[in-house]
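# Structural overview
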Amino acid sequence: MISLAMRTIRHRGAAFAGAFVALLCAAALVCACGMLLETGLRGSVAPERYAGTPVVVTGDRFARETISKSAEKTKTKAKPLAERAWVPVSLAERLRRLPGVSRVVTEVTFPLYVAGRPFEGHGWESAALTPFTLSAGRAPRADGEVAVEAGAGLRPGARVPVRTPAGDRTYLVTGVTAQDLPGRETLFLSPAEARRLAGRPGMVSAVGVFPAVDVSAALREAAAAPGGVRALAATGDERGVVEFPDAEQARVRLISLGGALGGTSLLVAILVVVGTSALSVQQRQREIALLRAVAATPGQVRKMLGGEALLVGAVAGLVGAAVGIGLGFWLRSRFVALGAMPPNLRLVVSPFPAFAALAATVAAAWAASRLSARRAVRIRPVEALGEVTLPAALLPTGRLVAGLLCAGGGVALTLVLSSLSTEAAASPVTMLTALVWTVAVALLGPLVARVAATLVGAPLRAFRASGHLAAANLRAGAPRLASIITPLSLMVAMTCTILFTQTTVEDAARREAAAGTVAGHVLGPHLPSGAAAAMRGLPGVEAVTEVLHTSVRVGLEKYGAQGVTGEGLGRTLDLGVVAGRLDGLGEDAVAVSRTAAERLGVRVGGRLRLTLGDGTPADLRVTAIYHRGLGFGDLTLSHALVARHVDDPLGTALVSAPSLTRADLARAVPGTGVAETAGAAWAGPANAEVNYVAMGLIIAFTAIAVVNTLAMSTSARSRELALLRLVGTTRRQARRMLGLETLVAIAVAVALGTGIALVTLTAFSTGMTGSTAPYVPPLGYLAVVGAAALLALAATALPARVVLGRHPAEAVGARE
Amino acid sequence: MTDVVRLDAVSKVYGKGQGAVAALREVSVGIPRGSFTAVMGPSGSGKSTFLHCAAGLDVPSSGSVRLGGTELSGMNETALTELRRQRVGFVFQAFNLIPALTVAENITLPLRLAGTRADGAWLDEVVSRVGLRGRTGHRPAQLSGGQQQRVAIARALVTRPEVVFGDEPTGALDTMTARDVLTLLREIVDGTGQTVVMVTHDPVAASYADAVLFLADGRIVDSMAAPTSEKVAERMTRLGAWV
Ligand SMILES: Nc1ncnc2c1ncn2[C@@H]1O[C@H](COP(=O)(O)OP(=O)(O)OP(=O)(O)O)[C@@H](O)[C@H]1O
Ligand SMILES: [Mg+2]
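Residues numbered from 1 in each chain as written. Chains lettered and ligands numbered in written order. Predicted model: local features only at pLDDT ≥ 70, side-chain atom pairs only at ≥ 80, totals over all residues. Heavy atoms only, no water.

Under an unreviewed UniProt entry, the name given to chain B is ABC transporter, and the organism recorded is Streptosporangium pseudovulgare.

So the rule is basically this: UniProt positions are given in the numbering used here, feature names are shortened, and annotations may be inferred rather than shown by experiment.
Chain A is annotated in an unreviewed UniProt entry as ABC transporter permease from Streptosporangium pseudovulgare. In its Subcellular location (unreviewed entry) section, UniProt records this for chain A: "Cell membrane".

So this is what it looks like as structure tokens:
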């Protein structure tokens, strides 16, 4: 049967082109996602700043939790923290005393800004970690001196105004390094000045140990000592992980993104391939009936279809995997450009993703052929004898049951989704909900199509001849209509869901932020600590609230948090307190959003243990519950507490000064941006663009499926169209007829897709924002519908032109 | 003479309840081995249904069908297929061939499906009998309608079946080509002792047969031995059909 399958593929290339293209795209997507996933799992970054030190000791940047699986089995889970974890200088002393250690080098790290550009500040003592050497001048010794990198374009003697966490100051350049690290800028200050600016007396951000000795025993001792210090030693490429914490976060994101994208595209692929192979079985009905009559058993027919699927799947998988490797590199370059992935996180290239893509594609093709074979073996051999093929039962019981089960699954997922309030949990479920609903619609498609065809019959007949024909075709060809509706509604549903979950959260957050910001002006970014104090002294200023953003972990779960100064908070921010009081938010206090409070099960007066961004544990008293969690973050802490535990304590400030103008404020804090809060653009979720890029691929994939199916369906009707031409239908009328049929399919698909998306989005919105109304920008929606319609019409018109261009008599004579 | 095919009180009803159509009503008949039988009757009289039931392509609603001594009722689709593969050959009105396969491959398709090898001498004889020597490498699309029917006949013969069924095998051919195909069938019956059952509308085609069965409204209403086209045409007129 395999050789028969091969012959058939060679002979009827067009019938397999659809499945081939769909599988190829799926293989490419799965392969590219596999590369991202593998990079997430195994990718590493080479150290740059720490390249010159064999061992780097830093604080443990992970929140850890031990989960006991059973009596004796326990598992420790670790989640990365948002900020650098510092260690006490005493640890450096302990390491220095270790036998075999000849030297330790300590480092402090703090943010600096020169003309708004971010720099990393260090003391010159840590230059040895790279090592940095001077090509000109001398090392900074006095408080006002600085050494710059080779690429800064400065000479010794130059003066640079620098914004530091302790205020603005102009430094004298005394030295220029011979080295220049790519991708970031570094400034070296004198060791004493650096310690002052870092603002953490007695603490260092890293310790370099020379030469390479095993320090793990010493670290264990340090952890066991009173006031234990949790520190980790990094060697080799691990040093890169320590140096580039962003890379670590990017890796985690790559894992979830790669998994979600790969999984979604595989599911879409199966749906699409099942559709195309069902269509090709439909078109080959007579041939299959003939085979059955000539004495092929149902098993042999199944084998032949399976063989075809395996062959097409294997070739598509191979080509697709090759395309996918290119796609993986392209995705990486996009992510790097969008800042979602550090440029030095190397893409892991191994044969695994390609093999996985090949295996997944072949499996998907085979599964699809199994499903469509169910229909093929039901084709009765007598159909080969008759002139017309008998239409199969509209909806076999098995399919009806499966469709209803899927619809039930859709209901269950929708309910689950409406109770999910974190983006991490809701995002994958959202996609799955939309997909399961689409599968249900696909399974019940013929029924839906029949109903739709009956409904639109009357209005269609208004178009005289072509409308009449179209109505008749739609009624008789319900299965064909259903096969077109499935990818179209998939495309509409997926696109709407992907686009409008983003807008829904963004809009809700923007509205909450706008409603909750009472102050008229915002200062920043990178506001030095003195500026807020200066502003408070300005006559006419009623209240100033300094704001810092970070993220903390409660257990292992991540929560966005803001730190705010408590004084006069009511006149700048209205978080929508529903219980407790917010004013006078002390360092031991925390306010919690309503959704987070529900999830964490805390009440006003209760206590909340959390891990701050730099790994410091904190046990805080809950003083208030508020409802504007989306706009301001789930937790609100004291500014003073947050400032001590973030890498960058330079934040923004909200100013309430109704009698002063923007210019008045700007004069008071030179060198700092001042904006009116009403017009200030709200910064959307950090990785919205990344999601658009990734999900855009899924949308493109469904679009290809639409084109595919329509082209296949139209070109398969060449005989019928030729017959219509012979009995006197003009080309125009035939084209009109096809166009009207496609329009009906579009209308039905848009209705179904919109319905699916609305159900999904409403559930998503209920869980995430507490409001049942998702935000769908009308123009965006119209663009989606318009694009779907144009795509579908073009995919009908082009093959129709080719088919109708042929001489009708010739086409009628041609074998089916 | 033994009966290759035997139908006893075979009925076939399509559909259920109000819209039920009785296509065959209590048909009992035997087809003798080595005979050439034509089945005639007005359109919708149940000829195709008769053929399908006799050949095991369709399952009757009631009654028994025996093919070469094997009772068909109660067999599942795979068993029926395997039985057809061994004992039955088919020639349809059109769309007889798999377009992807060459003439030779189409002819040997049933053997390939059965997983057996073609008997070279027999294959040669079949091919030359139907006059397709030298065209075995061609594809169906490169053949005329008559040649395609000859390929179908060769395919029907290649397994040495007990009986070859044809549903209007010459229905799509012009008169001259139809004559050739009918002569071929006649020669096969005479030369190899093959049993042939053929549905036809054409009294001339029926005259090539040894006997004609007349169907009307799902029943066998008459039969005729040694038919001539005039006698058949006259009988058909009395059955109320225009031919
Ligand atoms: N699948 C079916 N479902 C319902 N009714 C059917 C089906 N197949 C045949 N019939 C009906 O059974 C009757 C006999 O049909 P059959 O095809 O056997 O006629 P026929 O004698 O071969 O006609 P023709 O000469 O036109 O081919 C007809 O009334 C037909 O409408
Ligand atoms: Mg018939």
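Next comes the rest of the description.
## Some points on the overall build of chain B
Let me state the cut-off plainly: Working definition: helices are DSSP H or I runs of at least four residues, strands are E runs of at least two. Numbering for both runs from the N terminus. To get the radius of gyration, use the C-alpha atoms; to get the globule rule, take the number of residues to the power 0.38 and multiply by 2.2 Å. The buried label goes to any residue with under 20% of its type's maximum accessible area, the exposed label to any with over 50%, and the partly exposed label to all in between, with areas taken from a 1.4 Å probe on protein chains only. Pairs of residues are marked as contacts when any of their non-hydrogen atoms sit within 4.5 Å. Each accessible area is a Shrake-Rupley estimate made with a 1.4 Å probe; only the visible protein chains count as cover when residues are assessed.
Along chain B, the regular secondary structure elements total nine helices and 10 strands. The globule rule puts the C-alpha radius of gyration for 243 residues at 18 Å, and the 18 Å found for chain B is close to it. Along the first, second and third principal axes, the C-alpha set of chain B runs to 50 × 40 × 35 Å. Counting over 243 residues, chain B shows a buried share of 53%. Here the contacts in chain B between residues at least 6 apart in sequence split such that 68% fall between residues at least 24 apart. When the accessible surface of chain B is split by element, carbon and sulfur atoms take 50% of a total near 10,000 Å².

## Considerations on the UniProt feature "domain: ABC3 transporter permease C-terminal" (unreviewed entry) in chain A
UniProt marks residues 262-380 and 693-806 of chain A with the feature "domain: ABC3 transporter permease C-terminal" (unreviewed entry), using the numbering shown here. In the segment residues 262-380 of chain A, helix accounts for 82% and strand for 0%; the C-alpha atoms at its two ends are 39 Å apart.

## Quick notes on the nonpolar core
Applied cut-off: We define the nonpolar core as a collection of buried residues of types Ala, Val, Leu, Ile, Met, Phe, Trp, Tyr and Cys that are connected through side-chain atoms lying within 4.5 Å of one another. Domain start and end points were adopted from an automatic or database domain assignment.
Among the nonpolar cores identified, the biggest contains 59 residues, and Val268(A), Phe335(A) and Met494(A) are the most heavily contacted of them. Among the secondary structure elements, those contributing two or more residues to this core are α2 (13-42), α7 (245-283), α9 (298-337), α10 (351-376), α12 (423-443), α15 (478-516) and α21 (688-715) of chain A. The element contributing the most residues to this core is α2(A), with 12 residues. Each of domain 1 (1-45 + 244-387) and domain 3 (445-513 + 683-759 + 770-816) of chain A gives at least three residues to this core. Once residues lying within four places of it in the same chain are set aside, the contact partners of Met494(A) are Thr264(A), Val268(A), Met431(A), Ala434(A), Leu435(A) and Ile698(A). Counting residues in hydrophobic clusters, the runner-up holds 50 residues, among them Leu291(A), Ala293(A), Leu113(B) and Val197(B).

## Overview of the domain arrangement of chain A
All names here are of chain A. What counts, and what does not: Salt-bridge detection follows one rule: a side-chain nitrogen of Lys or Arg within 4 Å of a carboxyl oxygen of Asp or Glu. Counted as a polar contact is a pair of N or O atoms within 3.5 Å, where, for protein atoms, one must be capable of donating a hydrogen and the other of accepting one, and residues adjacent in sequence contribute only when both atoms are in side chains.
Considered domain by domain, chain A is made up of domain 1 (1-45 + 244-387), domain 2 (55-242), domain 3 (445-513 + 683-759 + 770-816) and domain 4 (518-676). The interface is formed by 31 residues belonging to domain 1 together with 24 residues belonging to domain 3. Counting across the domain 1 and domain 3 interface gives zero salt bridges. Here domain 1 and domain 3 share zero residue pairs in polar contact (both at pLDDT 80 or more) between them. Contributions of two or more residues to the side of domain 1 that touches domain 3 are made by α2, α7 and α9. With 14 residues, the single largest contributor to the side of domain 1 that touches domain 3 is α7.

## Details of the interface of chain A and chain B
Our working rule: Using a 1.4 Å probe, buried area is obtained as the accessible area two parts lose upon being combined, added over both of them. Under this grouping Gly is polar, as are all residues other than the nonpolar Ala, Val, Leu, Ile, Met, Phe, Trp, Tyr, Cys and Pro and the charged Asp, Glu, Lys and Arg.
On the chain B side, the residues contacting the 26 residues of chain A number 29 residues. A buried area of about 2,600 Å², summed over both sides, lies between chain A and chain B, and 65% of it is on carbon and sulfur atoms. Here chain A and chain B share one salt bridge between them. For Arg292(A), the salt bridge identified is with Glu77(B), shortest N-O distance 2.6 Å. Connecting chain A to chain B are four residue pairs in polar contact (both at pLDDT 80 or more). By residue number, the principal contributor to the side of chain A that touches chain B is helix α8 (residues 285-293) of chain A, which donates six residues. Here the side of chain A that touches chain B is built from residues that sort into 13 nonpolar, five polar and eight charged.

## Re the site of ligand 1
All names here are of chain B. Just so we agree on the cut-off: Any residue with a non-hydrogen atom lying within 4 Å of a molecule or strand is treated as near it.
Within the structure, ligand 1 sits among 13 residues, and Ser-43, Gly-44, Lys-47, Ser-48 and Thr-49 are positioned closest to it. Ser-48 is positioned with one of its side-chain polar atoms (N or O) 2.7 Å from an oxygen atom of ligand 1. Summarising the interface, the protein chains cover 63% of the accessible area of ligand 1, which totals 630 Å² for the free molecule. Counting residues per element, the ones that place at least two in the shell around ligand 1 are β2 (21-32) and α1 (47-55). Top element by residues in the shell around ligand 1 is α1. It accounts for three residues. The residue inventory of the shell around ligand 1, partitioned by class, reads four nonpolar, seven polar and two charged.

## Section: the packing of aromatic side chains
Rules: Pairing of aromatic rings covers Phe, Tyr and Trp, the last through its six-membered ring, and needs centres within 6.5 Å; plane angles under 30 degrees mean stacked, over 60 mean edge-to-face, and all others mean tilted. Whether a charge sits over a ring comes down to the Lys NZ or Arg CZ being within 6 Å of the ring centre and within 35 degrees of the ring normal.
With the rule as written, the count across this model stands at four aromatic pairs over all chains. Each ring, one from Trp124(A) and one from Phe188(A), has its centre 5.1 Å from the other, and the planes form 85°; the classification is edge-to-face. Taken together, the residues Trp124(A) in the loop between β7 (117-123) and β8 (134-137) and Phe188(A) in strand β12 (residues 186-189) connect sequence positions 64 residues apart. Under the relative-accessibility criterion, Trp124(A) is labelled buried at 18%. Note on Phe188(A): relative accessible area 0%, which makes it buried. Linked through ring pairs, Trp124(A), Phe132(A) and Phe188(A) together constitute an aromatic cluster. Over the face of the ring belonging to Trp122(B) we find Arg160(B), whose NZ or CZ atom lies 4.4 Å from the ring centre. One Lys or Arg, Arg235(B), reaches over the ring of Phe214(B) and ends 5.6 Å from the middle of that ring.

## Looking at the packing of α9(A) against α10(A)
Residues and elements named next belong to chain A. Put simply, the test is: Note on definitions: angles span 0 to 180 degrees between N-to-C directions of axes, and those axes are lines fitted to C-alpha atoms, for helices only across the stretch in contact. For this classification, under 35 degrees means roughly parallel, over 145 means roughly antiparallel, 65 to 115 means roughly perpendicular, and everything else is oblique. What makes a crossing left-handed is the near helix being turned counterclockwise from the far one by less than a right angle; a clockwise turn instead makes it right-handed.
Running from amino to carboxyl end, α9 crosses α10 at an angle of 155°, the nearest separation of the two axes being 8 Å. Considering their axes alone, α9 and α10 lie roughly antiparallel with respect to each other. Here the hand of the crossing between α9 and α10 comes out right-handed. For the pair formed by α9 and α10, the contact residues are Val-301, Arg-302, Leu-305, Gly-306, Ala-309, Leu-310, Gly-313, Ala-314, Gly-317, Leu-318 and Ala-321 on the first element and Ala-354, Ala-357, Leu-358, Thr-361, Val-362, Ala-365, Trp-366, Ser-369, Arg-370, Ala-373 and Ala-376 on the second. Its residues assigned to classes, the contact of α9 with α10 shows 15 nonpolar, five polar and two charged.

## Some points on the environment of Ala114(B)
Residue and element names in this part refer to chain B. Within the fold, Ala-114 resides in helix α4 (residues 109-114). Residue classification places Ala-114 among the partly exposed residues on the basis of a relative accessible area of 36%. Residues Ala-114 and Glu-82, 32 residues apart in the sequence, show an inter-C-alpha distance of 7.8 Å.

## As for the sheet that holds strand β14 (residues 206-210) of chain A
Residues and elements named next belong to chain A. We count it as follows: Note: two strands are recorded as paired if DSSP finds a minimum of 2 bridges between them.
Strands sit in the order β5-β14-β1-β15 across an open sheet of four strands; the sheet is antiparallel. Edge strands, defined here as strands with exactly one partner in the open sheet, are β5 (103-107) and β15 (231-234). Neighbour-to-neighbour, the strand axes of this sheet turn through a mean angle of 20°, independent of strand direction. Here strand β1 (residues 55-59) runs beside β15; their pairing, made up of four bridges, is antiparallel.

## With respect to a nonpolar patch on the surface
Counted only if it meets this: A patch consists of residues whose relative accessible area exceeds 30% and which take part in no salt bridge; residues with like charges are grouped when within 9 Å of each other, and nonpolar side chains (Val, Leu, Ile, Met, Phe, Trp, Tyr) when within 5 Å.
A contiguous nonpolar patch, built from Val315(A), Leu318(A), Val319(A) and Val323(A) and spanning about 320 Å² of accessible area, is present on the exposed surface. Tracing the backbone through its elements, the reader meets Leu318(A) in helix α9.

## As for the sheet that holds strand β3 (residues 36-40) of chain B
All names here are of chain B. Strands sit in the order β6-β7-β8-β3-β9-β10 across an open sheet of six strands; the sheet is mixed. The two strands at the open ends of the sheet, each matched to only one other strand, are β6 (88-91) and β10 (219-225). Adjacent strand axes in the sheet meet at a mean angle of 20°, parallel and antiparallel pairs treated alike. Two strands pair when backbone bridges link them, and β6 and strand β7 (residues 163-167) are joined in this way by four bridges, in the parallel orientation.

## What about unusual backbone geometry?
Residues and elements named next belong to chain A. Cis geometry marks the peptide bond from Thr-130 to Pro-131, where omega comes out at -10°. Note that Pro-131 resides in the loop between β7 and β8. Residue His-526 is not a glycine yet carries a positive backbone phi of 60°. Its location among the elements puts His-526 in strand β16 (residues 521-527). With a relative accessible area of 22%, His-526 lands in the partly exposed category.

## Thoughts on the pairing of strand β8 (residues 195-199) of chain B
Residue and element names in this part refer to chain B. Here is the rule: Every crossover in which the path from the first strand over the helix to the second runs clockwise, viewed with the strands pointing away from the viewer, is termed right-handed.
A large share of β8 lies buried, amounting to five of its five residues. Because side chains alternate across β8, one face comprises the buried residues Thr-195, Val-197 and Val-199, and the other comprises Val-196 and Met-198, equally buried. In the sheet, β3 pairs with β8 via four bridges, with the strands oriented parallel. Considered in β8, the bridge of Val-39 is made with Val-199. Direction of pairing for β7 relative to β8: parallel, over a ladder of five bridges. What sits directly across from Gly-166, in β8, is Met-198. A crossover connection joins β7 to the parallel β8 through helix α7 (residues 175-192); in handedness this β-α-β unit is right-handed.

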